[in-house]
2 protein chains.
Amino acid sequence: MPQQNTFNRVTDDIILALRLIVGENNVLTGQAREGYAKDETPNFTPVLPDVVVRPENSTSVAQVLKLANEKRIPVTPRGAGTGLSAGAVAVSGGIVMSMERMNHIIEIDVANFTATIEPGVILSSLCQEVEKHGLYYPIYPGEMSATLGGNVATNAGGMRAVKYGVTRNFLLGLEVVLPTGDIIETGGKYIKCSTGYDLSQLIAGSEGTLGIITKIILRLMTPPGRRDVVLVPFDNLEDAINAVPHILKEGILPIGIEFLEKDVVRLTEVFRGSETPLHNYEASLMIILETGTDKESSDLSTRVGEICLEHNAIDVFVASGERATDLMSFREKAWPAIVHSGNADIADVVVPRSKIAEFVKSAREISRKLGITTYAVGHAGDGNVHLAPMVPEGTDAQERITQFFRQVFELGVSMGGTISGEHGIGSDKKQFIDIAVSKEKLGLLKRIKKAFDPNGIMNPGKIFDL
Amino acid sequence: MPQQNTFNRVTDDIILALRLIVGENNVLTGQAREGYAKDETPNFTPVLPDVVVRPENSTSVAQVLKLANEKRIPVTPRGAGTGLSAGAVAVSGGIVMSMERMNHIIEIDVANFTATIEPGVILSSLCQEVEKHGLYYPIYPGEMSATLGGNVATNAGGMRAVKYGVTRNFLLGLEVVLPTGDIIETGGKYIKCSTGYDLSQLIAGSEGTLGIITKIILRLMTPPGRRDVVLVPFDNLEDAINAVPHILKEGILPIGIEFLEKDVVRLTEVFRGSETPLHNYEASLMIILETGTDKESSDLSTRVGEICLEHNAIDVFVASGERATDLMSFREKAWPAIVHSGNADIADVVVPRSKIAEFVKSAREISRKLGITTYAVGHAGDGNVHLAPMVPEGTDAQERITQFFRQVFELGVSMGGTISGEHGIGSDKKQFIDIAVSKEKLGLLKRIKKAFDPNGIMNPGKIFDL
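It should be emphasised that the depicted structure is a prediction, and the values quoted were computed from it without experimental measurement. (Residues numbered from 1 in each chain as written. Chains lettered and ligands numbered in written order. Predicted model: local features only at pLDDT ≥ 70, side-chain atom pairs only at ≥ 80, totals over all residues. Heavy atoms only, no water.)

Draft legend 1. Molecular detail of unusual backbone geometry. Residues and elements named next belong to chain B. Its identity is not glycine, yet Asn 155 carries a phi of approximately 50 degrees, on the positive side. Here Asn 155 shows up in the loop between helix H5 (148–154) and helix H6 (161–164). Within the chain, Glu 207 stands out as a residue other than glycine whose phi angle is a positive 55 degrees. By the secondary structure assignment, Glu 207 is in the loop between helix H7 (199–203) and strand E9 (212–219). Glu 207 sits in the buried class, given a relative accessible area of 5%. (Helix = DSSP H or I, 4+ residues; strand = E, 2+ residues; numbered from the N terminus. Buried < 20%, exposed > 50% of the residue type's maximum accessible area, 1.4 Å probe, protein only.)

Rendered as structure tokens:
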């Protein structure tokens, strides 16, 4: 990695300069750095940054970046550290820039349905605040303690993508500090824009490699009336997946359609200490509906059930109110349950949604050949499949897991998909980027990176090596 | 413009080489070029390209670009030529690459709700074809004869943006030929992606300056049940605009909310030879609703009317079926009616939607001071305002129009908006780009351009000069 050779260490002089910029209490050295050495990536060996800085505003961010750029010191932006691909870890050393103090909700604009916030705002805080104003931020990546800065940086998705899409679909504008210290604004409180390249959309999903997000303008909506869950068991995953387009084809747009298989259901039941109606079925769909009225809810759930029964469903259970919330929470606990059951790793492939069953079947075959137990859980409505291979015993364990990832990523891409739907590439999946991105395209991505960051100081070692 | 100096002319040798690539019939010289010298930009003096080529596939596109790149010859991609900012005109000479032969609908994927098409497909053809499959492409920029390639290149918006957004919101993936001749793919049949920078979104709205789009994957939906129009007159535009958030706040999401003022209504009535209920009112809203059933339609129209009456509306008219279609067509004819009435130019400012009335009022003031008659018409639900200044008589006419544009653009930007919501900058509004884009940001845009197009051959002289 030639890039890393050109970086310098953080010296005492630099520490002094950083203290002058952000204040003594906001420059962390020694043990105080320990909370910044990893995120939630499985099987990741922590890496201590040279120093952690906690800026309070974009001016400080710009000063730190200017200094780091001059001195050739890597800067890794960090939100709540809930990522799953080691994107917020300073794998090349240098400065971790924690956005935790930039956690203010600047404005909720009720006339224009927008929220203007700092990047360190936690998703749960945003949701509470917009609710107070009678509004709603619908993107729910499944981790309420994540920051919105991190959500934008990874283009976080989640369980409501069928209806609402992903973070980028609710992103209207950004303030971004470039590695050179320049502060730019992109977008604004409007949906329509044909005025130069859309940098908000370029920065969304760029995992902190292009600049530091210091302000975010998000689109808001009105809250849904009520939410119901239709639980539908099938004989096998293929039947479940095949039912999905029939639901959507009738103009029914659930917020999410999740699939669960028996092995994951049982693990999750054990983890939560309670059984579900899905206990005895090979595969099930969990169809989450938002409706305005009781009548609409009842009509829609009934129709969804009918459609599923016309397409090989075994049974239909409708849950409302607390029971619906509990089932959604059950689904959310699938990943913690898998992690709790042993040493799980995770892949985050996306394929065209019609290919999910075929993908999972072939991934199981790959898994079997490598002697690895793999759980699959995911988003049937949007093609995003989380595969959790359980790291086996033995000295070749890591090699087999790497083999597994490479093969399932190649499989996903061969089916018209890509290797990460919502977790990002970070440093954890970087070795596989060539599977999804051609040599020519990778060259272009690197040139774009260079256009933002001539010295390569922004979150180096993430997505690709320069 | 230093860039233009480095370009070469198209020689006879190059014409020969182009004929070998695309076939003799698809290299147009002489008079055959005349249809490619302008688009629908008002007051634009046509510019003949050196040559027009009409490739059939991405391989030919790549060969032409490779040749042009080697020989330093500008290439201007062109769809149907319906643009309003001279984006598809070869203002720096060289090759116009017309995508007219790449007009095939490659696939409608009913299971995944996607259309894969070539860039020269006309919007009306796409709509007809998806309808045959029981699906729906909802983005409607108001010009059914435009190509989808052009729609993507300008990130076209239109009258349905309140509910559906703009072209980029339905764009899933692209095949793009880079100026170097490399062919890359971005995105695919999926909504979720966190695998490197999103180049589809970067290329959307880049007005042909980064590469040639050779394939487009679009997201589709199910068709709406029925459409109704609620027409609501007010005493003034301010009252009309102020009613908008009250409608949206109740969770009612019309596909579009348009505003019309008396002067434009009367011009359009004369143009169409028929009167409307809006004839005597200063300002009106046209609220376009999509609903599933007659009951829902009636409930929703009634409620929208009530909300408007609670907020200073004078009256409410509800139109359904053919009458609704006729009213929407009336709104679409506003621009042709203005053009028909005299020598109109056009601005395409977007502001936060709550600011529309204030913006229009101040723009009128600017107009009055410059002695220019200006019509305003636009999208009250999304903040996009089309101002049509009527070019006055006299030798200083162009100077006054330029003054008008500069002042209304500065006004829009000062209100948190930007200078083009959907028409693009092209060459026509390029002189104003500094109003919307800071020096630092412009520098970044140029470096991004360079990352794609090192020799600056792709549609030079558009958006900004290098």
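So, next bit.
Draft legend 2. Here's a closer look at the packing of helix H9 (residues 262–272) of chain B against helix H11 (residues 321–332) of chain B. Residues and elements named next belong to chain B. Put simply, H9 and H11 touch, their axes get as near as 10 Å, and they point 110 degrees apart. Taken together, the axes of H9 and H11 are roughly perpendicular relative to one another. Packed against H9, whose contacting residues are Val 265, Thr 268, Glu 269 and Arg 272, the element H11 presents Asp 326, Ser 329 and Phe 330 at the interface. Here the contact of H9 with H11 is composed, by residue class, of two nonpolar, two polar and three charged. (Axes fitted to C-alpha atoms, helices over the stretch in contact; angles between N-to-C directions. Parallel < 35°, antiparallel > 145°, perpendicular 65-115°, else oblique. Contact = heavy atoms within 4.5 Å. Nonpolar A, V, L, I, M, F, W, Y, C, P; charged D, E, K, R; others polar.)

Draft legend 3. Broad picture of the interface of chain B and chain A. In this complex, chain B contributes 77 residues to the contact, which on the side of chain A involves 76 residues. Across the interface of chain B and chain A, roughly 6,000 Å² is buried in total on both sides, 61% from carbon and sulfur atoms. Summed over the three residues of chain B that lose the most area to chain A, namely Lys 192, Ser 194 and Tyr 197 of chain B, the buried surface amounts to 17% of that side. Residue Asp 382 of chain B pairs with Lys 192 of chain A through a salt bridge whose shortest N-O separation is 2.9 Å. Across the chain B-chain A interface, the total number found is 36 residue pairs in polar contact (both at pLDDT 80 or more). Only strand E8 (183–187), H7, helix H8 (237–249), helix H15 (433–436) and helix H16 (439–452) of chain B provide two or more residues apiece to the side of chain B that touches chain A. It is H16 of chain B that contributes the most residues to the side of chain B that touches chain A, nine residues altogether. Tallied by class, residues from the side of chain B that touches chain A come to 32 nonpolar, 29 polar and 16 charged. (Buried area = accessible area lost by both parts, 1.4 Å probe. Salt bridge = Lys/Arg side-chain N within 4 Å of Asp/Glu carboxyl O. Polar contact = N/O pair within 3.5 Å; in protein donor to acceptor, adjacent residues only side chain to side chain.)

Draft legend 4. Quick look at the sheet that holds strand E2 (residues 51–53) of chain A. All names here are of chain A. Spatial ordering of the open sheet is given by E1-E2-E4-E3, a layout of four strands whose pairing is mixed. In this open sheet, the two strands that pair with only one neighbour each are strand E1 (27–28) and strand E3 (75–78). Pairing analysis gives four bridges linking E3 to strand E4 (residues 95–98), with the strands arranged parallel. Each residue of the ladder has a partner; that of Arg 78, found in E4, is Ser 98. Running over the sheet, helix H3 (residues 58–71) touches E2, E3 and E4 and is turned about 170 degrees from E4. (Pairing = 2+ DSSP bridges.)

Draft legend 5. How the structure looks around the pattern of salt bridges. Residues and elements named next belong to chain A. The final tally for this structure, using the stated rule, is 58 salt bridges over all chains. Across the salt bridge formed by Lys 132 and Glu 129, the nearest N and O atoms sit 3.2 Å from each other. Of the two residues, Lys 132 and Glu 129 both sit in helix H4 (residues 123–132), three residues apart, roughly one turn of that helix. On the basis of relative accessibility, which here comes to 66%, the residue Lys 132 falls in the exposed class. Assessed through its relative accessible area of 22%, Glu 129 is described here as partly exposed.

Draft legend 6. Geometry of the packing of aromatic side chains. Enumeration over the complete set of coordinates arrives at 16 aromatic pairs over all chains. Ring centres of Phe 404 of chain B and Phe 405 of chain B lie 6.0 Å apart, and the angle between their planes is 55 degrees; this geometry places the pair in the tilted category. By the burial criterion, Phe 404 of chain B is buried, and Phe 405 of chain B matches it. Chaining the aromatic ring pairs together yields one cluster made of Tyr 136, Tyr 137, Tyr 164 and Phe 170 of chain A. In this arrangement the basic side chain of Arg 219 of chain B is found over the ring face of Phe 170 of chain B, its NZ or CZ atom lying 4.1 Å from the centre. The cationic tip of Arg 353 of chain B hangs over the ring face of Phe 113 of chain A; the distance from NZ or CZ to the ring centre is 4.8 Å. (Phe/Tyr/Trp six-rings, centres within 6.5 Å; stacked < 30°, edge-to-face > 60°. Lys NZ or Arg CZ within 6 Å of the ring centre and 35° of its normal.)

Draft legend 7. A look at the pairing of strand E12 (residues 283–291) of chain B. All names here are of chain B. Among the nine residues of E12, nine are classified as buried, and the element is accordingly described as predominantly covered. Alternating residues of E12 divide into Ala 283, Leu 285, Ile 287, Leu 289 and Thr 291 and Ser 284, Met 286, Ile 288 and Glu 290, and every residue in both groups is buried. Inspection of the sheet shows strand E10 (residues 226–234) paired to E12 by nine bridges, in the antiparallel sense. Residue Pro 233 lies in a different strand from E12, and its bridge partner there is Ser 284. Relative to E12, strand E11 (residues 256–261) is paired through six bridges, and the arrangement is antiparallel.

Draft legend 8. Spatial organisation of the sheet that holds strand E8 (residues 183–187) of chain A. All names here are of chain A. An order of E5-E6-E9-E7-E8 is seen for the five strands of this open sheet, with the pairing classed as antiparallel. Of all strands in the sheet, those with a lone pairing partner are strand E5 (105–109) and E8, marking the two edges. Neighbour to neighbour, the strand axes of the sheet diverge by 10 degrees on average, direction disregarded. The pairing of strand E7 (residues 171–177) with E8 spans five bridges and is antiparallel. Directly across from Val 177, in E8, lies its bridge partner Ile 183.

Draft legend 9. Just the side chain of Ser 301 of chain B, in detail. Residue and element names in this part refer to chain B. In this structure, Ser 301 sits in helix H10 (residues 294–310). Residue class for Ser 301 comes out buried when judged on its relative accessible area of 4%. Here Ser 301 is in contact with Asp 228, Val 230, Leu 289 and Val 318, once residues within four sequence places are set aside.

Draft legend 10. How the structure looks around the relation of the copies chain B and chain A. After a rotation of 180 degrees and a shift along the axis of 0.0 Å, chain B superposes on chain A with an RMSD of 0.0 Å. Seen this way, the second copy is the image of the first under a two-fold rotation axis. Both copies contact each other with a shared surface, as 99% of the interface residues of chain B are interface residues in chain A too. (Least-squares fit on C-alpha atoms with pLDDT ≥ 70 in both.)

Draft legend 11. Summary view of the confidence of the model for chain A. Summary statistics for chain A give a mean pLDDT of 96 and a share of 99% for residues scoring 70 or more. Contacts for the low-pLDDT stretch residues 1–5 of chain A, under 50 throughout, to residues beyond four places or in other chains number eight contacts. (pLDDT = per-residue confidence, 0-100.)

Draft legend 12. Just the packing of helix H16 (residues 439–452) of chain A against H16 of chain B, in detail. Following both chains from N to C, one finds H16 of chain A and H16 of chain B inclined at 160 degrees, their axes separated by 8 Å at the closest point. Here H16 of chain A lies roughly antiparallel to H16 of chain B, going by the angle between them. Once H16 of chain A is placed against H16 of chain B, the crossing between them reads as right-handed. Along its contact with H16 of chain A, which presents Leu 444, Arg 447, Ile 448, Ala 451 and Phe 452 of chain A, the element H16 of chain B presents Leu 444, Arg 447, Ile 448, Ala 451 and Phe 452 of chain B. A breakdown of the residues in the contact of H16 of chain A with H16 of chain B according to their chemical character gives eight nonpolar, no polar and two charged. (Left-handed = near helix turned anticlockwise from the far one by under 90°.)

Draft legend 13. How the structure looks around the environment of Ser 354 of chain B. Considering the arrangement of structural elements, one finds Ser 354 of chain B in the loop between strand E14 (347–350) and helix H13 (356–369). The class of Ser 354 of chain B is partly exposed, set by a relative accessible area of 31%.

Draft legend 14. Broad picture of the pairing of E9 of chain B. All names here are of chain B. In terms of residue burial, E9 counts as a mostly covered element, since six of its eight residues are buried. When strand E6 (residues 114–117) meets E9, the two strands line up antiparallel, connected through four bridges. Bridging from a neighbouring strand, Thr 116 pairs with Ile 217 of E9. The pairing of strand E7 (residues 171–177) with E9 spans six bridges and is classified as antiparallel. From the neighbouring strand, Val 176 faces E9, where its bridge partner is Ile 213.

Draft legend 15. The arrangement of H11 of chain B in detail. Residues and elements named next belong to chain B. Over its twelve residues, H11 runs 17 Å from end to end, which matches the ideal 16 Å to within 8%, given 1.5 Å per residue. Where H11 is concerned, the buried positions are Ala 324, Leu 327, Met 328, Phe 330 and Arg 331. Down the axis of H11, the buried side of the element spans an arc of 150 degrees, and every buried residue falls inside it. (Expected span 1.5 Å × (residues − 1). Arc of directions from axis to C-beta.)

Draft legend 16. Helix H9 (residues 262–272) of chain A, seen in detail. Residues and elements named next belong to chain A. Restricting attention to buried positions, one finds in H9 the residues Val 264, Val 265, Leu 267, Thr 268 and Glu 269. As for H9, its buried residues are in contact with strand E11 (256–261), helix H11 (321–332), helix H12 (334–341) and strand E15 (374–379). Count one or two residues on from H9 and you reach Gly 273, which has phi positive near 70 degrees.

Draft legend 17. Quick peek at the side chain of Arg 160 of chain B. All names here are of chain B. Within the fold, Arg 160 resides in the loop between H5 and H6. Although buried, Arg 160 forms no salt bridge, and the nearest oppositely charged side chain, Glu 290, lies 5.2 Å from it. Setting aside anything within four residues of it in sequence, one finds Arg 160 in contact with Tyr 136, Tyr 137, Pro 138, Tyr 140, Gly 165, Arg 227 and Ile 255. (Lys, Arg positive; Asp, Glu negative; His and termini not counted.)

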